[in-house]
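Read off the chains here:
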Amino acid sequence: MKYLDIEISQLKAIGGFDTAKEISGQPELWGKIVDKLEREREVIASFLDSTLKKTEKIILTGAGTSAYIGLSVEGFIQRNTGITTLSIATTHIVSHPEDYLEPGVPTLLISFARSGNSPESIAAAKLADAHVKDCSHLIITCNADGDLAKYASENDCLVFLLPPESNDKSLAMTGSYSGMLLTILLMGRLDRLTSLREVVRTLRACAEELLNKKLDQVKKIAESGFTRAVFLGSGPLYGTAMESQLKLQELTDGHVICKNDSYLGFRHGPKAVVNEETLLVYFFSNNKKVLQYEMDLVRGMRIGKKPLKQIGVAMSHLDTPSVDELIVLDGGAKVIEDEYLSVCYIVLGQMLAFYTSLNLKLRPDSPSETGAISRVVKGVKIY
């Protein structure tokens, strides 16, 4: 048996078994998440219906990768609830709670966490209860034994546990990230869960296409010799770009320096990072209006320093002659909104990080040669 086209025995020998298995297992995991949401739909709907009636502010929070989920869904949730929604990392809340937690504003804190054992996760929840008179909690986590899953708030609180296989063993979050992202998106439209199964089937098909038909293409890109990488995404896909740059930087132990930005923001200074050793990755929107801005930026890259390689992923064929490799995913492009695309597009970033890590002779399951980064952050003192 193989994962990412590498035999299991070899993956174990090179320290990449968990990462490869967890990246490859995402399509199946997404199907299990839909089934679990279906089984728990009544409880979730009851909680959300009663909580949102009194809520005036929604905060999406987490640390590191878990924080980036909010960047992909804050607009989606605000549009669907009509409630002011902000993505604020636990690392910001813990150090400056008074800047984000308003005592007189009924707030729903939606916490994302793989292990739920990061010091900031519990601290942010406790601070929210201490600062906000009426604070409800929706906790989405992958670890039933984690501190966050066991958090006992005196206020309204609902914990949703993802299937056990979402609790990645590898250093890098992969299935846990896409799984929690898909969970909150589906929770946002529980009344449409049956029809959204078709969307999830499409996402699974697109991910399988990346993991199988596009695998050699991604391998070759990882072998191209870049030392810098920039990921660009608009709206919900900005979160995908953010998470992709972290994955590549984590799994290469910082040997590849990474950045991310929006297409419009990239022109305002960050473009200066591009040189002849830079890989530029475009996550293309499925929204025609947004795509116009993105294509303008792609054309604008003809001016100035040229990157080593430009690649993109899209749901349809685009006129991008300056892009070296355009990975086109089939499967109902016209009906998939960008927030859902963020679930499957991240697989490209994960695969790229995995293969680049191997090319650098690192061990993807634990790539940090100095121990500078770990699966669960340690050494954080809460004051």
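Let me sum up the structure you'll find in this document.

Thresholds, definitions, all that
Residues numbered from 1 in each chain as written. Predicted model: local features only at pLDDT ≥ 70, side-chain atom pairs only at ≥ 80, totals over all residues. Heavy atoms only, no water. Salt bridge = Lys/Arg side-chain N within 4 Å of Asp/Glu carboxyl O. Buried < 20%, exposed > 50% of the residue type's maximum accessible area, 1.4 Å probe, protein only. Helix = DSSP H or I, 4+ residues; strand = E, 2+ residues; numbered from the N terminus. Expected span 1.5 Å × (residues − 1). Arc of directions from axis to C-beta. Bend = angle between axes of the 7 residues up to and from the residue. Pairing = 2+ DSSP bridges. Axes fitted to C-alpha atoms, helices over the stretch in contact; angles between N-to-C directions. Contact = heavy atoms within 4.5 Å.

### Focus: the pattern of salt bridges
Enumeration according to the criterion identifies 19 salt bridges in this entry. Across the salt bridge formed by E38 and R41, the nearest N and O atoms sit 2.6 Å from each other. You can call E38 partly exposed: its relative accessible area is 27%. Ionic pairing is found between E250 and K247, a salt bridge with its closest N-O pair at 3.3 Å. Of this pair, E250 and K247 both sit in helix α11 (residues 236-251), separated by 3 residues, roughly a single helical turn. An identical accessibility class is assigned to E250 and K247; each is buried. Salt bridges sharing common partners tie together K2, D5 and K219.

### Considering helix α4 (residues 41-54)
Two residues of an α-helix separated by three or four positions point the same way, owing to the 3.6 residues in each turn. Between its first and last C-alpha, α4 extends 20 Å over 14 residues, near the 20 Å set by a 1.5 Å rise per residue. Regarding α4, the residues found buried are I44, F47, L48 and T51. Projected down its long axis, α4 shows its buried positions confined to an angular sector of 95 degrees, all on one face. Of the exposed residues in α4, those oriented more than 90 degrees away from the buried face are E42 and K53.

### A closer look at helix α14 (residues 338-359)
Compared with an ideal rise of 1.5 Å per residue, which puts 22 residues at 32 Å, α14 spans 31 Å between its outermost C-alpha atoms and is within 8% of the ideal. Along α14, the largest kink reaches about 35 degrees and is centred on C344. The element α14 is extensively covered by neighbouring structure, given that 21 of its 22 residues are classed as buried. Where α14 ends, the next residue or the one after it, K361, has phi of about 65 degrees, a positive value.

### A look at the sheet that holds strand β8 (residues 228-232)
Within the open sheet, the 5 strands sit side by side as β9-β8-β10-β11-β12. Their pairing is parallel. Every other strand in the sheet has two partners, leaving β9 (257-261) and β12 (325-328) as the edge strands with one partner each. For this sheet, the mean inter-axis angle between neighbouring strands, taken without regard to orientation, is 15 degrees. In terms of strand pairing, β8 meets β9 through 5 bridges, oriented parallel. Paired with R228 across the two strands is I257, which belongs to β9. Where helix α10 (residues 215-222) meets the sheet, its contacts fall on β10 (278-283), β11 (309-314) and β12, and the angle it forms with β12 comes to roughly 150 degrees. With respect to the sheet, α14 is in contact with β8, β10, β11 and β12, its orientation differing from that of β10 by roughly 160 degrees.

### Things to note about the sheet that holds strand β6 (residues 135-141)
If you walk across this open sheet you meet the 5 strands as β4-β3-β5-β6-β7, and the pairing is parallel. With partners counted over all chains shown, the strands left at the sheet margins are β4 (84-87) and β7 (157-161), one partner each. Averaged over all pairs of adjacent strands, the angle between their axes in this sheet comes to 15 degrees, without regard to strand direction. Note that strand β3 (residues 57-61) and strand β5 (residues 107-113) share 5 bridges and pair parallel.

### Topic: unusual backbone geometry
At D253, a residue that is not glycine, the phi angle is positive and equals roughly 55 degrees. By the element assignment, D253 lies in the loop between α11 and β9. A positive phi is found at K361, a non-glycine position, where the angle reads about 65 degrees. Along the chain, K361 turns up in the segment after α14. Given the relative accessible area of 75%, K361 is considered exposed.

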